[in-house]
Amino acid sequence: MNHTINGSALQKMLIGASAAIELHKQQINELNVFPVPDGDTGTNMGMTLSSAATELRKLSNPTLTKVADTAASAMLRGARGNSGVILSLLFRGISKSLKGMEECDGAQLAAALTAGVEAAYKAVMKPAEGTILTVARVSAADALALSESETGFEVVLEAAAQSASAALAETVHQNPVLEKAGVVDAGGKGWVYVLETMLAVLRGAEIAEPAQGAPVKEQADFTDFDTEEITFAFDTVFIVRKASEDVCLDPLRAYLDTIGDSIVIGEDDEAFKVHVHTNIPGDALTEAQKYGTLELAKIENMQMQHDDLAAGRAARSTDDLEQIEQELEQQKEVIAAPEKQYGMVAVCAGKGLANVFRELGADNIIEGGQTMNPSTQDILEKINATPAEVVYVFPNNKNIIMAAEQTIPLTEKKVIVIPSKTVPQGISAMLLFDPDADEQANTEAMTDALSSVTTMQITYAARDSDFDGHDIHAGEYLALYGSALFGNDSDLDKLLRGLAEKVHDEGSEFVTIYYGADIAAEQAQTAAAIFAEVCPEVEVNVIDGGQPVYYYLISAE
C-alpha cells in the first residue's frame, strides 16, 4: 500500500491518465447527447492531457512540484473546449497545493483535489449541477473527509475514484437533458477515467495508447538505411496539417509505396509527418496536399551526400526539421509591438467566413469551431501576433469562450473576450466596432449586439437519437434555432421553409445565409428564394462561408 508518492510516481500516473483518455475518447464523445456532429468532449480532454504528457515525458528525475507545475502549465496552454479548460483548472489548483512538496500523502492529495475544485469553480460563471464540476467536487469532499482518519495516498485516491464514479452515476438525474437521454455527463466520465487510471498506474498497471493516437515522431531515424546501394535518391521528409481530424492516410501510404521505399508516416489529430525515399519528391508532396496543407519539407540528395562523405567532405544538408520547428515555435512567442490601440482576433472555419471577418477588421483568424476547438495556446499566439494594445477576441462558439478567457493572464496585451457563441453573433458584434470609441463603449456595444441576432444552423445527425420529442435518424438534416433543436427531416428545403416561417413570425428585418463547403451556390440561391418567398418584407443576403459540418449558418436580425 502506497502511503506517499513522489514526482516520478505522479509523472507516470498522469502519462497513464492521458493514455486512458485517448483510449476512451470516442466513448466519452458519444455521451454528448445533442445529436449534432460536435461530440468532442473526449477529444478535447484527450488533447489537453496529451499536451501535459508530452512535456512530462521530457522530465528526468522529476520532483513532485516540477511534475505538477509542468502538467498544469502544459494543460493551461493546451486546453481545448470547456471540458479541457475545466480539466486544466483542476490541475492548476492541484499544482498550487502541491508546490514545494517532495512527497504527497493522502491528506495532501485531498487538499490538492479540493484546491483544484475551488480553482475550477471560480473560473466558471454559472456552474451547473450534473457536470464534471459536480463529479470533481463530490469526490474531493469525500476524499477530504476520509483524510481526517486515513492519510495513505493510495487509500484516499481509491476513495476519490470510487466517490467520483458514484457521483457520475447521479449526473443523469441532476441535468434534465442527461436524464431525458439516459446518459451520464461526458466530462464527468473523463474525470472518473483520470482518477481510476492514476490509481491503476500507482498499483503497477501499464496503460498503452492506441497506435493511431501515438505522437508524431520528432525526427525519422535514418541510421538503418544503406547509402551505398541507393535505389531512390531523395530523402524526403515533410509535415502536413490535416484538413480534418478523420483524414484516412491509407491511400497516401499505398501511393508512396509505388514511388519509393523506407516509408514512415506518423500522425496525431492535427498533422502527419512523412518520411519517404523517392526519385520524385515533388509528386510525393503534391499527393500529400490532397489531405491537408503543407507546413514544412526537407529534401536531401542521398547520392550526393554519400559522394561527399566518401570524398572526406561534409555532407550537404538542409537544416534539420526539428531545429526549424523549434525556430518557428520561438517566432510564435514573439509579441507584436503595438501599432494601434485596438486589434481583433476571430475564430471561424471556412475561407468565406474568414474573409468576412477580415473585411470587418480582424487582424488574425484562428481556424476552428465545432469538432475542432483551438487550444488556449493557439488563441494566445494570434493575440500576441496582433499589433495592438487592446485585442478583442471573438470565440464564435460556446465551447471556445473559456479557452479564450484563459489567455488573459498569459500576455502583456490587454485581452477582452466578447462571448460570441456563434459566427453570426461575432459578425454582428464586429459590425458595431467603432475605432474612435473608447474601450468600455466598444465592449458594451459589441456585447449587447450578441443578443440582437438569432442564429439558425443546419447540419446532419451524427447518430440515431430520441431527443426532445424528435425521433432522429443518423444522416438526416438537423435544424437548430438558437441553441434548441428546431426539427429534423430528410428534406432540406422543408427545414429551410420551417425556419423561414419562424423568422417571419418573429418579425426580423435582415437575414444572411452563409452556405457551407458541401452546398453549391445554386442550392444556396434556392434557400434564399425560400426565405424571400416566406418573408417578402425581409432583406435576404447570401454569402459563401465555406464552413465544414454546417450546411447553412443563418442569421436573423
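To be clear, the structure that these remarks concern was listed above.
Each residue is numbered by its place in its chain's sequence as written, counting from 1. Two thresholds apply to this predicted model, a pLDDT of at least 70 for residue-level local features and 80 or more for giving and counting side-chain atom pairs, whereas whole-chain, interface and lining totals are computed over all residues. Computation of side-chain values covers all heavy atoms of the structure but excludes hydrogens and water.

Q: A description of the overall build of the protein chain should follow, citing residues and the corresponding values.
A: Per the secondary structure count, the protein chain includes 20 helices and 18 strands. Here the term buried applies to any residue with accessible area under 20% of the maximum for its type, exposed to any over 50%, and partly exposed to those in between, with areas from a 1.4 Å probe on protein chains only. A burial count over the protein chain gives 53% of its 557 residues as buried. Pairs of residues are marked as contacts when any of their non-hydrogen atoms sit within 4.5 Å. Of the contacts formed within the protein chain by residues at least 6 apart in sequence, a portion of 70% connects residues at least 24 apart. Helix and strand labels come from DSSP, where a helix needs a run of H or I of at least four residues and a strand needs a run of E of at least two; each type is numbered from the N terminus.

Q: Run through the side chain of Gln457, naming residues and quoting values.
A: Among the secondary structure elements, Gln457 is positioned in strand β11 (residues 454-460). In this view, Gln457 contacts Leu478, Ala479, Leu480, Gly482, Tyr550, Tyr552 and Leu553; residues no more than four positions away in its chain are not counted.

Q: I'd like to hear about the environment of Ile383, residue by residue, with values.
A: Structurally, Ile383 can be placed in helix α15 (residues 376-384). It is 9.9 Å that separates the C-alpha atoms of Ile383 and Ile365, two residues lying 18 residues apart in sequence. Contacts of Ile383, omitting those with residues within four sequence positions, involve Val345, Val391, Val393, Thr407, Thr411, Lys413 and Val415.

Q: Got a sec to walk through the sheet that holds strand β9 (residues 388-394)? Specific residues and values, please.
A: Sheet strands line up and pair through hydrogen bonds in the backbone, either parallel or antiparallel. Pairing in this open sheet of 4 strands is parallel, and the strands run β8-β7-β9-β10 from one edge to the other. Every other strand in the sheet has two partners, leaving β8 (364-367) and β10 (414-417) as the edge strands with one partner each. In this sheet, adjacent strand axes meet at a mean angle of 20° when their direction is disregarded. We call two strands paired when DSSP finds no fewer than two bridges between them. Here β9 pairs with β10 via 4 bridges, running parallel. Directly across from Val393, in β10, lies its bridge partner Val417. Along the sheet, helix α14 (residues 351-359) makes contact with β7 (340-348) and β8, crossing β7 at roughly 165°. Structural elements are reduced to axes, namely lines fitted to C-alpha atoms, with helices fitted over the stretch in contact, and the angle between N-to-C directions of any two is expressed from 0 to 180 degrees. This element, helix α18 (residues 439-449), spans β7, β9 and β10 of the sheet and lies at about 10° to β9.

Q: Could you give an account of the nonpolar core, naming the residues involved and the relevant values?
A: Inside soluble globular proteins, nonpolar side chains tend to come together where they are buried. With 76 residues, the main nonpolar core has Leu10, Leu157, Trp191 and Val393 as its most contacted residues. With 10 residues, the top contributor of residues to this core is helix α9 (residues 186-202). In this view, Leu10 contacts Ile5, Leu64, Val67, Ala68, Leu98 and Met198; residues no more than four positions away in its chain are not counted. Think of a nonpolar core as a cluster: buried Ala, Val, Leu, Ile, Met, Phe, Trp, Tyr and Cys residues, connected wherever their side-chain atoms sit within 4.5 Å.

Q: Explain the packing of aromatic side chains residue by residue, including any values.
A: Classification of ring pairs rests on two measures: the distance between centres of Phe, Tyr or Trp rings, Trp counted by its six-membered ring, which must be within 6.5 Å, and the angle between planes, read as stacked under 30 degrees, edge-to-face over 60 and tilted in between. Under the counting rule described, the total for this entry stands at 7 aromatic pairs. Here Phe91 and Trp191 contribute two aromatic rings whose centre-to-centre distance is 5.9 Å and whose plane-to-plane angle is 70°, an arrangement assigned as edge-to-face. You can see Phe91 sitting in helix α4 (residues 81-98) and its partner Trp191 sitting in helix α9, a full 100 residues away along the chain. The same class applies to Phe91 as to Trp191, namely buried. With a centroid separation of 5.9 Å and an interplanar angle of 40°, the aromatic rings of Tyr342 and Tyr392 are classed as tilted. Of this pair, Tyr342 sits in strand β7 while Tyr392 sits in strand β9, placing them 50 residues apart in sequence. Assessed through its relative accessible area of 7%, Tyr342 is described here as buried. Cluster of aromatic residues (ring-pair linked, three or more members): Tyr342, Tyr392 and Phe433. Sitting over the ring of Tyr481, Lys502 keeps its end group 5.2 Å from the ring centre. In this scheme, the term charge over a ring applies when either NZ of a lysine or CZ of an arginine sits within 6 Å of the ring centre and within 35 degrees of the ring normal.

Q: Outline the packing of helix α3 (residues 64-78) against α4, listing residues and values.
A: In the contact formed by α3 and α4, the axes pass within 8 Å of each other and the chain directions differ by 155°. One finds that α3 runs roughly antiparallel with respect to α4. Here the hand of the crossing between α3 and α4 comes out left-handed. Contacts from Thr65, Ala68, Asp69, Ala72, Met75 and Leu76 in α3 reach Leu87, Ser88, Phe91, Arg92, Ser95 and Leu98 in α4. Note that the term roughly parallel is reserved for angles under 35 degrees, roughly antiparallel for angles over 145, roughly perpendicular for angles of 65 to 115, and oblique for everything else. Throughout, a crossing is termed right-handed when the near helix is turned clockwise from the far one, and left-handed when it is turned anticlockwise from it by less than a right angle.

Q: Give a detailed account of the sheet that holds strand β16 (residues 510-515), specifying residues and quantitative values.
A: Pairing is mixed across the open sheet formed by 6 strands, whose spatial order is β15-β14-β11-β18-β16-β17. Single-partner strands in this sheet number two, and they are β15 (484-489) and β17 (539-544). Taken over all neighbouring pairs, the strand axes of this sheet differ in orientation by 20° on average, direction set aside. The pairing of β11 with strand β18 (residues 552-556) spans 5 bridges and is classified as antiparallel. By the bridge assignment for β18, Ile458 is matched with Tyr552.

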